[in-house]
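Analysis of the macromolecular model
Chain by chain, the residues run as shown.
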Amino acid sequence: MWASIAWRLFWRELRRGELWVIAFALFLAVGSVVSLSGITEGVKSALLQRSAQFNAADKVLRSSQPFDEQLFELAEQQHQLSTARQMQFDSMLFSGDAMQLATIKAVSSSYPLRGDLVLYRSELVTAGETAVLTPGQVFFEARLFDLLGVKVGDEVELGLAKLQVGGVIVNEPDAPLSVFGGSPRVIMHLDDVPATDIVQPGSRIGYRYLFAGDTTALAQFEAEANDKLSVHQRWQKMDRESAIGGALERAERFLLLAGLLGIVLAACAAAVAASRYSQRHTRAVAIVKALGATTAQIRLIYGSHLLLVVLFSLVCGLVAGQLAIGAVQWGINLYMADYRAEFSIRPLWLGALTCVICALLFAARPMWRLANTAAIEVLKQPAAQFVVDKLQWLTGAAAIWALMWLFSGELVLSIGLFLLCAGFAALLIATAAVIVRLVKPAAAGQASAPKLAIANLRRRLWANSFQLITFSLAIFLALLLYFLRAELIGQWQRQIPEGAPNQFLVNINQQQRTVLNNFAREQQLQLDQYYPVVRGRLLSINDEQLQQEATKEDRSQQRVGVGRELNLTWLTALPKNNHILQGNWFTEGATAQVSVEEEIAERLEVKLGDSLAFSIGGQQVSAVVSSIRKVDWNSLQPNFYMILSPDLLADFPATYITAFYLPAERNQLLNQLARLLPTVSVISVDNIIAQVNDIIDQVTVALSFILLIICLAAALVLVAQVQATLEQREQELAILRTLGARYALLRNALLLEFALLGAMAGGFATLLAELMLLLVQQRVFELPFTPHYSLWWMGPALGIGMVTLLGWWQLRRLLSIPGAQLMRRVLQG
Amino acid sequence: MNTPEVHINAVRLAKSVKLTEGSLTILHDISLTINRGETVAIVGASGSGKSTLLSLLAGLDVPSSGEVHLAGQALHRLSEDERAAIRAEHVGFVFQSFLLLPSLTAIENITLPAELAGVKDARERALTLLKQVGLSERADFYPAQLSGGEQQRVAIARAFITRPAVLFADEPSANLDAVTGQKIEDLLFRLNAEQGTTLVLVTHNDELARRCQRQCRMQAGRFIDTTTQDLADVG
């Protein structure tokens, strides 16, 4: 029986506003969670897939020991993954009398699993017939042809094997992205390795296992393989290696937390609407109870209303969220044709969980309270103003914190953020209370719009404080996002400004510098500064010899060194994107000093004042650590672990690195450059720049989307709040109209009331946004603070505009009802 | 002659409410016995405590002290839900401000108590009652579309749908004009007589009170006078 009563009441109640406000608020919460988390997952997956292309596989296992066939069997047979093998080692190549140290990569036929290996049957990377790697052939990096003096079709010796030069490497997906280059690169077939007889016990050979396939299968395989891994085998990190990995991670957290605040606003709207719904139904419940309904029956009736609204919002929210994800995946496909969209369940359950938390902790409490209404209320006058009880504040606060935890995944961060928000709310309430109390009502006399408006604001102080908090928060977020978006995009663009060097030249010798300078002048290319590079090995710290090879088996107490040769440089000025953390940069005339990068200093346990000894070209050089530097590894410029004072290295033969910007349409210049300076390597970072730009675009879209959600949620809060005061306002208007107040007076009072509320919210928001921007500018972007003048008019204008328009839109109908009709409505209750 | 069956029995009822400045006693030491089928008017000026007494007799509220028995059940010992069950089975209400649910139509308002009590033929009963109160044509009207008199007729039909043993009416005609009020009173007493219901009527209208067999006059929370009419005088 209760079901038919519940259904009838529900159906009729849909015509009133509150259930729709609750439904829309929950829909907004679910939809935004699903789409935001789905979109960031999509972007992340696109990034991972792109980084898979840079790694030639989805997963790479590195080892210093020969291939373990068990792992390949496990991957191929039990998890249906594709596999490839790769070995890498340094060796000498011989051609007649010429010889050259090269980095040899031997790969199996299935290489690469992701991305493309492009080989040309030519000595030049710009033109030639496409070739396929087959056993018996080697392919060279362009500069090696000149270094060895060979052509395509010539024979070279590698170890005991004789191999034919097949052509040039045009694109190697997993080539190391190092501006230092190192030895020239060679690709050969894995099947030829035994014939070289290079692999001997103790040879330094890197083995790589390449895997690709379905994400789930990969994850299962990884989990299973982990049990079988030896100390020599470790997984290669995939996403962090790209220069923008860190930036994307920060952006994702920022997006989710900003989106969360929109969700919290929506949940507040749901709470207000549910309170209002309950308050309006108190009389009905008392009547039905007087007629014999039990508390359980009432709970079933109103619980089913909430359940229906939740189900409706959940389904609509999930569908809308999925559509948004679909749209973004379609967008990713436009610029990344081979992007494989993957369905993920995570956004869906995250959305559903958010909906349940919002419904249970924000909206269910008033409904629960409603069922406790005593039958005796039937004989009392209904209260005109809704009251939010303490427990509802508590459950609401708990829900906000739970959501923060859910989204950030970090307990400490969520507690900190929650306390910050609570403090902010308390501050706003206190300030609003002071302001409203300070504005004294005008002396008795003629009724005026300002007097009525202020009286209204004072009377609804608590309800207004809540509105003020939500509105200030919404406007604050809108302003912050708007300005931060500009700031964030600006920062990324500054990192890769228009015309930033995109071609790096390495291995330039002293004579080639002149040739290069002339070439640049002729072609009107702007060369970056030359960084000298001298390779050296760190031998000892404070006369303590370093262990040169880090192995897990070695239990000696000896300090572990870097394990490879370092690229050392000398500079007089501190490079861009470097900051001194401890000590001082070299003063003029400084002798025998070294500046050490922070991470390596920590790893080697190096402190200021320590003495480091290097072996450079057979000579030993000592330097005292005079500073510890922080380096921005995301910046696209040469970065160095060790920078020595000029006196130490100036006499050693050095190679140089420089860079220039080349627009895509002038790429043929690279051929000329290759012919002119055959031993110089050109490294293009166009791919990375394109990737960063893609991400900037994605994040910009996501930020605009969050802005929209926040504005919608804030509007919803105001709609719910105004609805909650509708009956009280109706009564007041009826009395004022009966007493002869004119339409214009009432209209102006109403407009002024909302405008004042909006101005206060806008003012608070502006102040907070400016403070937050100051913090972000100085701490995150490390820029000097510049005031945002436009913020100071945008905030209040936004507040006044939004609040007045929304308030007027809701109450204009009430004003247009004739006085007599209004009175009748009020008297009928 | 059979001894009349006692239907409602109140013994030394008192009701106080807590205020910020202390407590206020609204009812003092009220004892009252109402027999099955009897019509009793509780008369008094505004604030005399008559509505509070009605709320205690009907089990809407519990007394601060004293006992109330309705249909053999000790209401003062029962929980809110247990009292609701007694009301669903034995009690009908007519209120001064009609108290119809605005989102239900006339017929849905009438069937509501029957549906809550699980009565199977609720709709048929409601249609009969609508006919008896002269509103068959307005079955699907919402309260806002009905006049005050029509709303009260719907409320009376609602009160009788569960065929209650006792009907509580709180100022049933106070919100209506004299002519409509008179018609409502006639309807109430006619249906009451037809169904043999015990009637407890709260009013400040002496003329209406005189239509009951007994009038209990209240002042400042106490009975000051009880008058019993001859059945012949009751109209």
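The structure contained in this document is the topic of the report that follows. This one's a predicted model, so the numbers in the text were calculated from it and none came from an experiment.

1. Considering the pairing of strand E12 (residues 503-508) of chain A
Residue and element names in this part refer to chain A.
- The buried fraction of E12 amounts to 5 of the 6 residues, a majority that puts the element mostly inside the structure.
- Across 4 bridges, the pairing between E12 and strand E21 (residues 655-660) is antiparallel. Bridge assignment links Phe504 to a residue of E21, and that residue is Ala659.
- Pairing of E12 with strand E22 (residues 681-684), which is carried by 4 bridges, proceeds in the antiparallel orientation. When the bridges of E22 are listed, Val506 appears paired with Ser681.

2. Quick word on the sheet that holds strand E7 (residues 166-170) of chain B
All names here are of chain B.
- Overall, mixed pairing links the 6 strands, which are arranged E6-E7-E8-E3-E9-E10 in an open sheet. At either margin of the open sheet sits one strand with a lone partner, and together these are strand E6 (91-94) and strand E10 (222-228). In this sheet, adjacent strand axes meet at a mean angle of 15° when their direction is disregarded.
- For E7 and strand E8 (residues 198-203), the ladder comprises 5 bridges, and the chain directions are parallel. Across the sheet, the residue bridging to Asp170 is Val202, located in E8.
- Each of E6 and E7 is contacted by helix H2 (residues 80-90), which is oriented at about 85° to E6, the strand it contacts most.
- In the packing of helix H6 (residues 178-195) onto the sheet, contacts are made with strand E3 (39-44), E6, E7 and E8, and the angle to E8 comes to roughly 160°.

3. Thoughts on the packing of aromatic side chains
Residues and elements named next belong to chain A.
- Enumeration over the complete set of coordinates arrives at 21 aromatic pairs over all chains.
- Members of the aromatic cluster, each reached through a chain of ring pairs, are Phe67, Phe72, Tyr207, Tyr209, Phe211, Phe221 and Trp235.
- It is Arg85 that lies over the ring of Phe67; its NZ or CZ is 5.6 Å from the centre.

4. Here we look at the nonpolar core
- Ile22(A), Tyr302(A), Phe471(A), Leu57(B), Phe93(B) and Phe168(B) are the most contacted members of the largest nonpolar core, which has 162 residues in total.
- When residues in this core are grouped by element, the largest group, 23 residues, is from helix H7 (residues 245-290) of chain A.
- Residues in contact with Tyr302(A), not counting those within four places in the same chain, are Leu9(A), Tyr277(A), His281(A), Ala284(A), Val285(A), Met367(A) and Leu370(A).
- Listed in part, the 42 residues of the second largest apolar core include Ile508(A), Phe519(A), Ile628(A) and Met642(A).

5. Thoughts on the packing of helix H3 (residues 106-116) of chain B against helix H5 (residues 148-160) of chain B
Residues and elements named next belong to chain B.
- Following both chains from N to C, one finds H3 and H5 inclined at 30°, their axes separated by 7 Å at the closest point. Viewed along their axes, H3 and H5 adopt a mutual orientation that is roughly parallel. In this structure, the crossing between H3 and H5 has a hand that is right-handed. Counted together, Ala106, Asn109, Ile110 and Pro113 of H3 and Val154, Ala157 and Arg158 of H5 form the full contact between these two elements.
- Residue composition of the contact of H3 with H5, grouped by class: 5 nonpolar, 1 polar and 1 charged.

6. Here we look at the interface of chain B and chain A
- Contacts between the two partners involve 29 residues from chain B, matched on the other side by 27 residues from chain A.
- Both faces considered, chain B and chain A share a buried interface measuring about 2,500 Å² in area, 63% of it formed by carbon and sulfur atoms.
- A per-residue breakdown of the area chain B buries against chain A is headed by Leu99(B), Glu115(B) and Leu116(B), which together make up 24% of the total.
- For the salt bridge of Arg12(A) with Glu108(B), the shortest nitrogen-to-oxygen distance reads 2.5 Å.
- Counting across the chain B and chain A interface gives 9 residue pairs in polar contact (both at pLDDT 80 or more).
- Of the residues assigned to the side of chain B that touches chain A, the class counts are 14 nonpolar, 7 polar and 8 charged.

Cut-offs and rules
- Residues numbered from 1 in each chain as written.
- Chains lettered and ligands numbered in written order.
- Predicted model: local features only at pLDDT ≥ 70, side-chain atom pairs only at ≥ 80, totals over all residues.
- Heavy atoms only, no water.
- Buried < 20%, exposed > 50% of the residue type's maximum accessible area, 1.4 Å probe, protein only.
- Helix = DSSP H or I, 4+ residues; strand = E, 2+ residues; numbered from the N terminus.
- Pairing = 2+ DSSP bridges.
- Axes fitted to C-alpha atoms, helices over the stretch in contact; angles between N-to-C directions.
- Contact = heavy atoms within 4.5 Å.
- Phe/Tyr/Trp six-rings, centres within 6.5 Å; stacked < 30°, edge-to-face > 60°.
- Lys NZ or Arg CZ within 6 Å of the ring centre and 35° of its normal.
- Core = buried A, V, L, I, M, F, W, Y, C linked by side-chain atoms within 4.5 Å.
- Parallel < 35°, antiparallel > 145°, perpendicular 65-115°, else oblique.
- Left-handed = near helix turned anticlockwise from the far one by under 90°.
- Nonpolar A, V, L, I, M, F, W, Y, C, P; charged D, E, K, R; others polar.
- Buried area = accessible area lost by both parts, 1.4 Å probe.
- Salt bridge = Lys/Arg side-chain N within 4 Å of Asp/Glu carboxyl O.
- Polar contact = N/O pair within 3.5 Å; in protein donor to acceptor, adjacent residues only side chain to side chain.

Geometry only, nothing functional implied.
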